[in-house]
Structure formats: C-alpha cells, structure tokens
Amino acid sequence: MKAFFMRLSFLAMAALGMALVSSASASAAPSGAPTISETSAPPIATPYPDSSVARQQVQDAFVTARRTHRKVLLDFGGNWCPDCKMLGGIFALPDAKAWLDSQFVIVTVNVGRINTNLDLASQYGVTITAVPTVIIVTPDGHALNQDGSRALGDARSMSPQAVLDLIAEWNSRG
C-alpha cells in the first residue's frame, strides 16, 4: 500500500512539473492575436478626436512606447467614414482592447476629409489616399507595414478576428 501511495505521489509531481514547464513556455511565446469570441462589433460614432491634437498625441505616444517597450499603432481616419467607425468598434471589444493595449500605444489621427495630418503618415513612407489607414511603428520610428497600411479599408466586411490576425502579423515583423 505504501508503494502505491509513493507511486501516486511521483505521478502527481511529474504531472505538476509538466504543467509548470508548459505554462512557462506559453508565456515566453510571442504574443499573437488572441482568439476572440465576438464575431461582430458595434461601430463607434466618433472614434477620432479633433484633428488639432494629433501631433501632440503622436509625440506623446512615442515617448510612452519607448518607456513601455510597445509599438505605436497609428489609425488614420475620419468620423464620417463607416469603415473607420467599424474599426473603432472592433478595437473597443474587451478582448481586442486588452491585447491591443498590451502590444501598442494607439493613436487615432483625424485626417478630416483626407486633407489634414497627412504628413504624419508620409514620414513613415505612407501616402493616405483612403481611410482607415493603419501604420504600426516601432518606438524608434520604423514602420512595419507600409505595404499593407490600407488593408483595413474594408473593415466593415472583416471579422474582428481577421482584423486582429492581420495586426498581429504586422506586429510580428519587428
């Protein structure tokens, strides 16, 4: 009987050890997009602040990004744009927001009717011709997704998961 309990204790300790190793390796893995349960999001009525605050918000975001070792996600759009409103709704979903905030300092940049703050994108090699335009930038100012910055321009037809997966792919580039 004593041998039975010793063997049971050994098996329990082995299982605990495997669980700890599995947990440690999971936390060391790069942070991809979470799997979220929401299949749709309500649009946000006014996701973009007044265009006059953009420059200061971008400057502040880079200070925070360097301090917190996150990237900056610049979301260029306008409150008149249905896809921009939908993207704002996706970003506000609880699981999406938690992941995005863990990876990025997010700045929503109001471009008016695509006639203001355009120079903020051009310094990263992106010309805004449609919105939303999303650029992911390292804290030292290197844009990671100039090639796909307009890919979220059809956010209304994308699932929240597809949006996050695309952003995670861009994020993995740097």
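Basis of the calculations
- Residues numbered from 1 in each chain as written.
- Predicted model: local features only at pLDDT ≥ 70, side-chain atom pairs only at ≥ 80, totals over all residues.
- Heavy atoms only, no water.
- Core = buried A, V, L, I, M, F, W, Y, C linked by side-chain atoms within 4.5 Å.
- Buried < 20%, exposed > 50% of the residue type's maximum accessible area, 1.4 Å probe, protein only.
- Helix = DSSP H or I, 4+ residues; strand = E, 2+ residues; numbered from the N terminus.
- Pairing = 2+ DSSP bridges.
- Axes fitted to C-alpha atoms, helices over the stretch in contact; angles between N-to-C directions.
- Contact = heavy atoms within 4.5 Å.

The name given to the protein chain in an unreviewed UniProt entry is Thioredoxin domain-containing protein, with the source organism recorded as Gluconobacter morbifer G707.

S.K.: Tell me about the nonpolar core, and name the residues and values.
M.R.: Counting residues in hydrophobic clusters, the biggest one holds 24 residues, and the most contacted among them are L74, F76 and I135. Among the secondary structure elements, those contributing two or more residues to this core are α2 (54-68), β1 (71-77), β2 (104-110), α5 (118-122) and β3 (133-137). Considering every element that reaches this core, the biggest residue donor is α2, with five residues. Counting residues in hydrophobic clusters, the runner-up holds 22 residues, among them W99, L100, V163 and I167.

S.K.: Account for the sheet that holds β1, with residues named and values stated.
M.R.: Hydrogen bonds between backbone atoms are what pair the strands of a sheet, whose relative direction is either parallel or antiparallel. One open sheet holds the three strands; their spatial order is β2-β1-β3, and the pairing between them is mixed. In this open sheet, the two edge strands, each paired with only one partner strand, are β2 and β3. Across the sheet, the axes of successive neighbouring strands diverge by a mean angle of 20°, strand direction being ignored. Relative to β2, β1 runs parallel, the two sharing seven bridges. Across the sheet, residue F76 finds its bridge partner in β2, namely V109. Where α2 meets the sheet, it contacts β1, β2 and β3, and its direction lies at approximately 170° from that of β2. Contacting β1, β2 and β3, helix α6 (residues 160-171) runs over the sheet at an angle of about 35° to β3.

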